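Results of the structural survey
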Amino acid sequence: MKKTALALLLLLASGVAFGAGGYADLMKARVDVSDEASLQRGAALFTNLCISCHSAKYVRWNALPDALGVSMEMVEDNLIYGSYQEGNMMRAAMREADAERWFGAAAPDLSLTARSRGADWVYTYLNSFYRDPDASSGWNNTLLVNSSMPHVMWTLQGVPEAKFEEVGDEIQVAGIRVPEQQAGMLSEEEFHQATRDITNFMAFLAEPVRAKRQEIGVWVIGFLVIFTFLAYLLKREYWRDIH
Ligand code: HEC
C-alpha cells in the first residue's frame, strides 16, 4: 500500500515536471497575477508591441479592469487601438492570412500560451532573441530555433549578438549578449522586468480568474480552520459526560 502511494506520488511529481515543459535551463518568470502594477505595465507593453500580430481571442477586453485595478475607460483610452464595442474579444490587428504571407507562419493566439508552454518558457523565449543576418527576419531565437517572429522589443533591449561554439560537428549558440554600443532604452535588469511583466500579463490571459480563485482559496482555508476548531470544541463538550 505504502509502495503504491509512493509510486503514485513519484508519477505525479514527474508529471508536474513534464508539464512544465521539460526544459532544464529555463529562466524563472516568478509570475504573480495579483500584482496589479506589473499587470498594468504588461498590458501596456502587450497592447503596444504584440497585439498587432497576436490575438488573445478567448479573453474579453472587459475582463481587464478587474484584474488591473483600473476603470474600463482607462482600458478603452489607453490599451485598445481602434474601435471598441461592449464585450469585444482581444483580437489581433493583423489578419492571419497576411501574417502567414509576411512571416511564413501565422502568429499564434496567445490566450493560453502561458499555460500550454508555461510562464517560464514564455519569459525565456522573450529573452532569447539575437541578431541573425542569415534569417529572413534578421532575427533568431535560441529557445524556438528559426522562429519567424522578429525581435519586436529590440528598441528596448538593444541588439543581442550570439556567441557560437562547436559541439561535436554541430555549431550551437553558447550565449547571447547585448554589446555596449548596441544597447537599447532599457538596462538588462529593466528589460528582464519588462519581459516578466508581459509574461505576467499572459499568465493572467491564460487564466483570468486565477487571482480571484486564490483570493477565495484563502477564505475557504480560513473557514476550514475555524470550523475544525469549533468541531473540536463540540467534540470535547460531547465527550465530557461520557468519560
Ligand atoms: C510582427 C508580428 C509579431 C509581433 C509584433 C509579435 N509576434 Fe510573437 N510571433 C509571431 C510569429 C509569426 C510567431 C510564430 C513563430 C514561429 O512559430 O516560427 C510568434 C510566436 C510567438 C510565441 C511562441 C508561441 C508558441 O507557442 O510557439 C510567443 C510566446 C510570442 N510570439 C509572444 C509575443 C509577444 C509577447 C509579443 C509582444 C512583445 C509578440 N509575440 C509580438 C509574430 C509576432
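The rules we used
- Residues numbered from 1 in each chain as written.
- Predicted model: local features only at pLDDT ≥ 70, side-chain atom pairs only at ≥ 80, totals over all residues.
- Heavy atoms only, no water.
- UniProt positions renumbered as here; feature names shortened; annotations may be inferred.
- Core = buried A, V, L, I, M, F, W, Y, C linked by side-chain atoms within 4.5 Å.
- Buried < 20%, exposed > 50% of the residue type's maximum accessible area, 1.4 Å probe, protein only.
- Helix = DSSP H or I, 4+ residues; strand = E, 2+ residues; numbered from the N terminus.
- Contact = heavy atoms within 4.5 Å.
- Patch = residues over 30% accessible without salt bridge, like charges linked within 9 Å, V, L, I, M, F, W, Y side chains within 5 Å.
- Areas by Shrake-Rupley, 256 points an atom, 1.4 Å probe, with all protein chains shown as cover.
- Salt bridge = Lys/Arg side-chain N within 4 Å of Asp/Glu carboxyl O.
- Expected span 1.5 Å × (residues − 1).
- Pairing = 2+ DSSP bridges.
- Donors = N, O, S within 2.8 Å, 3.2 Å for Na, K, Ca; no water.
- Tetrahedral: all angles 85-135°; square planar, octahedral: opposite > 155°, others 65-115°.
- Axes fitted to C-alpha atoms, helices over the stretch in contact; angles between N-to-C directions.
- Parallel < 35°, antiparallel > 145°, perpendicular 65-115°, else oblique.
- Left-handed = near helix turned anticlockwise from the far one by under 90°.
- Nonpolar A, V, L, I, M, F, W, Y, C, P; charged D, E, K, R; others polar.

An unreviewed UniProt entry annotates the protein as Cytochrome c1 of Spiribacter salilacus. The protein has a UniProt comment under Subcellular location (unreviewed entry) that states "Membrane".

Generally speaking, soluble globular proteins have nonpolar side chains that are buried together. Of all hydrophobic cores here, the largest spans 41 residues; its most connected members are F46, W61, L64, L68, M90, F201 and L205. Of all the elements in the fold, those that place two or more residues in this core are α2 (36-49), β1 (56-60), α3 (64-68), α4 (72-78), α7 (119-126) and α9 (188-206). Take this core: its biggest share by element is nine residues, from α9. What F201 contacts, discounting residues up to four positions off in sequence, is L39, G42, A43, F46, L64, L68 and M90.

It is worth spelling out a nonpolar patch on the surface at this point. On the surface, a cluster of nonpolar side chains totalling about 500 Å² of accessible area is made up of I216, V220, F223, L224 and F227. For F227, the position within the fold is in helix α10 (residues 210-242). Classification of F227 as partly exposed rests on a relative accessible area of 47%.

Helical periodicity: at 3.6 residues per turn, an α-helix aligns residues three or four positions apart in one direction. The end-to-end C-alpha separation of α9 is 27 Å, in line with the 27 Å expected for 19 residues at 1.5 Å each. Of all 19 residues making up α9, 14 are buried, and the element is well covered by its neighbours.

Under the feature "binding site: heme c" (unreviewed entry), the UniProt entry names C50, C53 and H54. Inspection of the secondary structure assignment puts C50 in the loop between α2 and β1. Residue classification places C50 among the buried residues on the basis of a relative accessible area of 13%. Exposure remark for C53: the relative accessible area of 23% places this residue in the partly exposed category.

Attention now moves to the pairing of strand β5 (residues 161-167). Pairing geometry for β5 and strand β6 (residues 170-177), over seven bridges, is antiparallel. By the bridge assignment, A162 is partnered in β6 with I176. Two successive antiparallel strands, β5 and β6, enclose a turn made up of two residues, where G168 displays a positive phi of approximately 65 degrees.

On the protein side, the iron atom of the ligand has H54 (NE2) and M149 (SD) as donor atoms, found 2.0 to 2.2 Å from it. What the six donor atoms of the iron atom of the ligand show is an angle range of 87 to 178 degrees at the metal, which sorts the shape as octahedral. One end of the pair, H54, is in the loop between α2 and β1; the other, M149, is in the loop between β4 (139-141) and α8 (154-157), and 95 residues separate them in sequence.

Another aspect to go through is the packing of α7 against α9. One way to put it is that α7 packs onto α9 with a least axis distance of 9 Å and a crossing angle of 140 degrees. Judged by the angle between their axes, α7 and α9 are oblique. The chirality of how α7 crosses α9 is right-handed. Here A119, V122, Y123 and L126 of α7 come into contact with α9, specifically with F191, H192, T195, R196, I198, T199 and M202. Broken down by class, the residue content of the contact of α7 with α9 amounts to seven nonpolar, three polar and one charged.

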